[in-house]
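Structure assessment
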Amino acid sequence: MTIDRYQALAEPPLQSGCPAPRTARALDEELFFQRATQTYLWALPAVNMYAMRTALGSSPGTATT
């Protein structure tokens, strides 16, 4: 029987009602991973806009007036 990763995070082993050191480390690592993922997703549009602005600024267009 395989334990789902998210199920293991939802039901961590406790010692006297508190997370064990190993459990606390696993929860911290999951929190850091989730924050890093959100940072990447939120920064992606800004990085894309900057790259497009840089690319369009370096190659001038031609006016057809």
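Residues numbered from 1 in each chain as written. Predicted model: local features only at pLDDT ≥ 70, side-chain atom pairs only at ≥ 80, totals over all residues. Heavy atoms only, no water.

**Regarding the overall build of the protein chain**
Scanning the protein chain for helices and strands turns up 2 helices and 2 strands. Evaluated residue by residue, the protein chain yields a buried proportion of 5% over its 65 residues. (Helix = DSSP H or I, 4+ residues; strand = E, 2+ residues; numbered from the N terminus. Buried < 20%, exposed > 50% of the residue type's maximum accessible area, 1.4 Å probe, protein only.)

**Here we look at the layout of surface pockets**
Considered as a void within the structure, the largest pocket measures approximately 170 Å³ in volume. Along the walls of the largest pocket sit Ala8, Leu9, Pro12, Pro13, Arg22, Thr23, Ala26 and Leu27, which together make up its complete lining. Here the element with the most residues in the lining of the largest pocket is helix H2 (residues 21–58); it accounts for 4 residues. Tallied by class, the residues present in the lining of the largest pocket amount to 6 nonpolar, 1 polar and 1 charged. (1 Å grid on protein atoms, 1.4 Å probe; cavity = no way out; pocket = protein on both sides within 12 Å on 5 of 7 lines; lining within 4 Å. Points joined across faces, edges and corners; volume = space filled by probe spheres on them. Nonpolar A, V, L, I, M, F, W, Y, C, P; charged D, E, K, R; others polar.)

**Section: the side chain of Thr23**
Checked against the element boundaries, Thr23 lands in helix H2. Apart from the residues lying within four places of it in its own chain, the contact partners of Thr23 are Pro12 and Pro13. (Contact = heavy atoms within 4.5 Å.)

**A word on the side chain of Glu30**
When you line up the elements, Glu30 lands in helix H2. With relative accessibility at 13%, the residue Glu30 sits in the buried group. There is a polar contact of 2.8 Å between the side chain of Glu30 and the side chain of Gln34. Beyond its immediate sequence surroundings of up to four residues, Glu30 is in contact with Arg5, Tyr6 and Leu9. (Polar contact = N/O pair within 3.5 Å; in protein donor to acceptor, adjacent residues only side chain to side chain.)

**Comments concerning a nonpolar patch on the surface**
On the surface, Tyr40, Leu41, Trp42 and Leu44 cluster together into a nonpolar patch covering about 510 Å² of accessible area. Within the fold, Leu44 resides in helix H2. Its relative accessible area of 39% is what places Leu44 among the partly exposed residues. (Patch = residues over 30% accessible without salt bridge, like charges linked within 9 Å, V, L, I, M, F, W, Y side chains within 5 Å. Areas by Shrake-Rupley, 256 points an atom, 1.4 Å probe, with all protein chains shown as cover. Salt bridge = Lys/Arg side-chain N within 4 Å of Asp/Glu carboxyl O.)

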